[in-house]
Amino acid sequence: MSFELLEKFRDPELCRKILDKMRSELDGELRFMEVCGTHTVAIFQSGLRSLLPEEVVHLSGPGCPVCVTHESEVNAFLDLAEKDNVILATFGDLMRVPGHNSRNLKKAQADGARIKVVYSPFDTLKLAKENPDDIVVFIGVGFETTAPTIAGTMKMARQQGITNLRVLCFHKTVPTALEALLTDSMTSIDGFILPGHVSAIIGIEPYKFIAEKYGKSAVVAGFEPLDILQSLNQMIEWRNKGEAHVANNYTRIVSDTGNAKAREVMYEVFEPVDALWRGIGEIPGSGLEIRPEWDQFDAKKEFGITIEEGPALPGCKCGDILKGIKQPDQCPLFKKACTPANPVGPCMVSTEGSCAAYYKYKLD
Amino acid sequence: MSDKVLLDYGSGGRASQRLISDLFLEHLGNDELNRLNDAAELAMTGRLAMSTDSFVVDPIFFPGGNIGSLAVHGTVNDVAMMGAIPRHITCAYILEEGLPMDDLEQIVKAMGEAARHAGVTIVSGDTKVVPKGAVDKIFINTTGIGDIIVDPAPSGDAAKPGDAVLISGTIGDHGLTILGTREGLDFEAKVESDSASLNHLLVKLVQELPEVHVLRDPTRGGLATTLNEITTSSNVCCELVENSMPIRPEVKGGCSILGLDPLYLANEGKFLCILPQEHADKALEIMRNDPLGKDACQIGTMTDANPGKVVLETPLGGKRLLNMLEGEQLPRIC
Ligand code: SF4
Ligand code: SF4
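Asks: Just checking my understanding: could you explain the overall build of chain A for this structure?
Replies: A tally of regular secondary structure across chain A gives 17 helices and 11 strands. Relative to its length of 364 residues, chain A is compact, with a C-alpha radius of gyration of 21 Å against a globular reference of 21 Å. Its C-alpha atoms give chain A principal-axis dimensions of roughly 65 × 45 × 40 Å. Residues counted as buried form 58% of the 364 residues belonging to chain A. Carbon together with sulfur atoms contributes 49% to the accessible area of chain A, which is approximately 14800 Å² in total. With 40 positive and 49 negative side-chain charges, chain A shows a separation of 3 Å between the mean positions of the two kinds.

Written as structure tokens, this is what we have:
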């Protein structure tokens, strides 16, 4: 997209107009949650957060795949890093995610573990070919955005006859998690700003239940201030009229039907499975597992890994934050024991985590 | 000479001597260096500014310069930020065995040109060659020394509430060029490092305006990090206006593709000047009269609102913290 067009979505005049309109139409609190870390950062970085009317309460949901990766999943890949014949391949954001006893991949690497940061899952094909005597394990963490590329990588590996590549599949799917939040009695959410990238794959159909079953609104939004403001304003207008809708406001990137081709590849290789989310627990059907036909690539099977609910990280309130029950600065460790340089929980590690965004941008 | 750097060239024997006379003296030579003594003899008295820096940039060649010119600019600028006239520098090269001789020659040549342009003499040098893999192609250390010409010298802890915060030109150019070249990205529009020696402009500035409180070059960590350092040591609050930041559209565009923030990108030919608001216009006039300061402008003010913090007013009129960078800024993955 051209830069000029993007600038339009940042136009201060237009934004101010919508903010004024919002103020005049607001009738009571609107608690909205965004479920994409890029939105979290955009809301802070643009200064939008300091301009929103007080009644518009901003909650950051389970929108960053690094943050929702369960403690046992983190421990599983940390254990794997210690194996002699394993080369772990991962996206960079997982390197500093803390497991129990403040283990992390960075430290494992310093202790001699072979860990390779890759920019694309396809890089693992080359890695596997170059190291035929080792097993290359890719840590598959992410949502519907990354799962299709990883499925594509596995298909290509099969075509090329690569036998020493495995995927440790911890993929999760967004809509199921939103349903879990809506049924949780502790949470109170009036509407969702839906993730742009995830929706580009799945379209808006899978979110329809939010309005139909729970009477809340949800809007797929772009990442510019105007995108976000318009979507919030829409939700306020609907609520005033006693309506609830699921809509797509990001039509310049997201089609209502998503990307059928990507979904096809994804479901050819993966199937839905119950999964554990950090702080939320098990959500039925919210994960992706490698299908039996593809189990030659399954790292869980190869190494006998099972994921079970275990103790949470001591002191970390990530769970309450991911559910929008607490704000990061209400965690007793925030900015004290827990900082980006010394993170206690993953929400402080990932640049898109809500604790890291609060730390980086929030003026107190 | 071989067309590659060999281990022999760092041995101190005949091979090293040839390298020194044919390459280093050819491009860097001057009366003092040519004497080839163990140390340089300098006639300097009074208050001196001295600074050292090691250059390990990857890639070693980039649009707008190379590691050799950068090694001069970086150190000359650090000395000049003290309100000093840089006089002499030393340089130490650590070369990786196998480095193409042509590359080395280009680098040494660029260093010589940069030194002449900055008006400093290279008075002492050293070359070591290490086995392949022990360094990445070439590392250069330079140390510079100069005469401080103002009293008190500008200092990072001297900013006061009410001071104007000026920047000498566009930001982010160098950092984006390096990252883009490293990742092999071809930006639609051309971006180029701003690497340059700022000493002539800085000397003019402090001679005419000794009231300058702080001079700093926002290199590693960029403008945001440098301003955080200044607000912490001066215990003042820096209030910046995002709209007033001079950033080239092509740098903005490249940053938005890579998920980078230009405020955290390194600059190698820009400086921050912090001085009482009543002198700001005069300072800007001096800066804009020099090609290296033609885009100079005021980007903010020092206040006592949130001591130790940098606050950014966004184009929407919102306010947010501009914090220090934690670790390295990496291109966005997802
Ligand atoms: S992983 Fe992608 S979809 Fe998820 S938070 Fe980051 S940018 Fe958004
Ligand atoms: S501040 Fe740290 S410990 Fe607290 S919830 Fe966030 S990541 Fe967890």
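Still to come is the rest of the account.
Asks: So what exactly am I meant to see when it comes to helix α9 (residues 280-288) of chain B here?
Replies: Every α-helix winds through 3.6 residues per turn, so residues three or four apart in the chain are directed the same way. Residues and elements named next belong to chain B. Within α9, the full set of buried residues consists of A280, A283, L284, I286 and M287. When α9 is viewed along its axis, its buried side chains cluster within an angular range of 160° and face the same direction. Of the surrounding secondary structure, the elements contacted by the buried residues of α9 are β7 (163-167), α6 (199-208), β10 (272-276) and β11 (297-303).

Asks: Sorry, what's going on with the pattern of salt bridges here?
Replies: Once their charged atoms are close, side chains differing in charge can pair, the charge on each being opposite to the other. Throughout the structure, instances matching the rule amount to 37 salt bridges over all chains. R252(A) is the partner of D227(A) in a salt bridge, and the nearest nitrogen-oxygen pair spans 2.9 Å. With a gap of 25 residues between them, D227(A) in helix α13 (residues 225-240) and R252(A) in the loop between β9 (246-248) and α14 (260-269) connect regions that are remote in the sequence. Residue D227(A) is classed as buried on the basis of its relative accessible area of 2%. One salt bridge in this structure joins R87(B) and D147(B), with 2.5 Å as the shortest N-O distance. Of this pair, R87(B) sits in strand β4 (residues 84-96) while D147(B) is found in strand β6 (residues 138-148), placing the two residues 60 residues apart along the sequence.

Asks: How should empty space enclosed by the protein be read in this particular structure?
Replies: Left-over empty space is what a probe sized like a water molecule reveals as it rolls over the atoms. All names here are of chain A. Enumeration over the complete set of coordinates arrives at 5 cavities of 30 Å³ or more. Empty space within the largest cavity amounts to approximately 80 Å³. In terms of lining, the largest cavity is formed by C316, K317, C318, I321, P328, C331, F334, C338, G345, M348 and C355. Counted by class, the lining of the largest cavity contains 9 nonpolar, 1 polar and 1 charged residues. Its volume calculated, the second largest cavity comes out at about 60 Å³. Together, 14 residues line the second largest cavity, and G61, G63, C64, E352 and S354 are the ones closest to its centre. In terms of residue class, the lining of the second largest cavity is made up of 5 nonpolar, 7 polar and 2 charged.

Asks: How should unusual backbone geometry be read in this particular structure?
Replies: Most peptide bonds adopt trans geometry, and most residues besides glycine take a negative phi value. Residue and element names in this part refer to chain B. Between D58 and P59 the backbone carries a cis peptide bond, its omega angle lying at 10°. Positionally, P59 belongs in the loop between β1 (48-55) and β2 (61-62). Phi is positive for L36, which is not a glycine, with a value near 55°. Look at L36 and you get exposed, because its relative accessible area is 53%.

Asks: How should I be thinking about the packing of helix α1 (residues 14-28) of chain B against helix α4 (residues 101-118) of chain B in this particular structure?
Replies: It is the contact of α1(B) with α4(B), at a shortest axis distance of 7 Å, that shows an interaxial angle of 35°. Residue-level inspection shows L19(B), L23(B), F24(B), H27(B) and L28(B) of α1(B) in contact with α4(B), the latter providing M101(B), L104(B), E105(B), V108(B), K109(B), M111(B), G112(B) and R116(B).

Asks: What exactly am I supposed to notice about the nonpolar core here?
Replies: In this structure, L105(A), F192(A), L194(A) and I210(A) are the most contacted members of the largest nonpolar core, which totals 77 residues. Setting aside anything within four residues of it in sequence, one finds L194(A) in contact with V35(A), H39(A), L178(A), S199(A), Y207(A), I210(A), A218(A), V219(A), V220(A), A221(A) and V246(A). Judged by nonpolar contacts, the second largest core, of 37 residues, contains L19(B), L23(B), I60(B) and A115(B).

Asks: Teacher, can you tell me more about the interface of chain B and chain A here?
Replies: Reports often express the size of an interface as the amount of accessible area lost when the parts come together. Opposite the 21 residues of chain B that make contact, chain A presents 26 residues. Taken over both partners, the interface formed by chain B and chain A buries close to 2100 Å², and the fraction arising from carbon and sulfur atoms is 61%. If you look at where chain B meets chain A, you find 0 salt bridges. Inspection of the region where chain B meets chain A yields 5 residue pairs in polar contact (both at pLDDT 80 or more). Mapped onto the side of chain B that touches chain A, the elements with two or more residues apiece are α8 (249-258) and β13 (319-321) of chain B. Of the residues assigned to the side of chain B that touches chain A, the class counts are 6 nonpolar, 7 polar and 8 charged.

Asks: Help me understand the side chain of H279(B), please; the structure alone is not making it clear to me.
Replies: All names here are of chain B. Looking at where H279 falls in the secondary structure, it is placed in the loop between β10 and α9. Judged by its relative accessible area of 19%, H279 is buried. Once residues lying within four places of it in the same chain are set aside, the contact partners of H279 are L209 and E211.

Asks: How should I be thinking about the site of ligand 2 in this particular structure?
Replies: Within the structure, ligand 2 sits among 13 residues, and C316(A), C318(A), C331(A), C338(A) and C355(A) are positioned closest to it. Split into classes, the residues belonging to the shell around ligand 2 amount to 11 nonpolar, 1 polar and 1 charged.

Rules behind the numbers
- Residues numbered from 1 in each chain as written.
- Chains lettered and ligands numbered in written order.
- Predicted model: local features only at pLDDT ≥ 70, side-chain atom pairs only at ≥ 80, totals over all residues.
- Heavy atoms only, no water.
- Helix = DSSP H or I, 4+ residues; strand = E, 2+ residues; numbered from the N terminus.
- Rg over C-alpha atoms; globule rule 2.2 N^0.38 Å.
- Buried < 20%, exposed > 50% of the residue type's maximum accessible area, 1.4 Å probe, protein only.
- Areas by Shrake-Rupley, 256 points an atom, 1.4 Å probe, with all protein chains shown as cover.
- Lys, Arg positive; Asp, Glu negative; His and termini not counted.
- Charge placed at Lys NZ, Arg CZ, Asp CG, Glu CD.
- Arc of directions from axis to C-beta.
- Contact = heavy atoms within 4.5 Å.
- Salt bridge = Lys/Arg side-chain N within 4 Å of Asp/Glu carboxyl O.
- 1 Å grid on protein atoms, 1.4 Å probe; cavity = no way out; pocket = protein on both sides within 12 Å on 5 of 7 lines; lining within 4 Å.
- Points joined across faces, edges and corners; volume = space filled by probe spheres on them.
- Nonpolar A, V, L, I, M, F, W, Y, C, P; charged D, E, K, R; others polar.
- Axes fitted to C-alpha atoms, helices over the stretch in contact; angles between N-to-C directions.
- Core = buried A, V, L, I, M, F, W, Y, C linked by side-chain atoms within 4.5 Å.
- Buried area = accessible area lost by both parts, 1.4 Å probe.
- Polar contact = N/O pair within 3.5 Å; in protein donor to acceptor, adjacent residues only side chain to side chain.
- Near = heavy atom within 4 Å.

That's the geometry; what it means functionally is another story.
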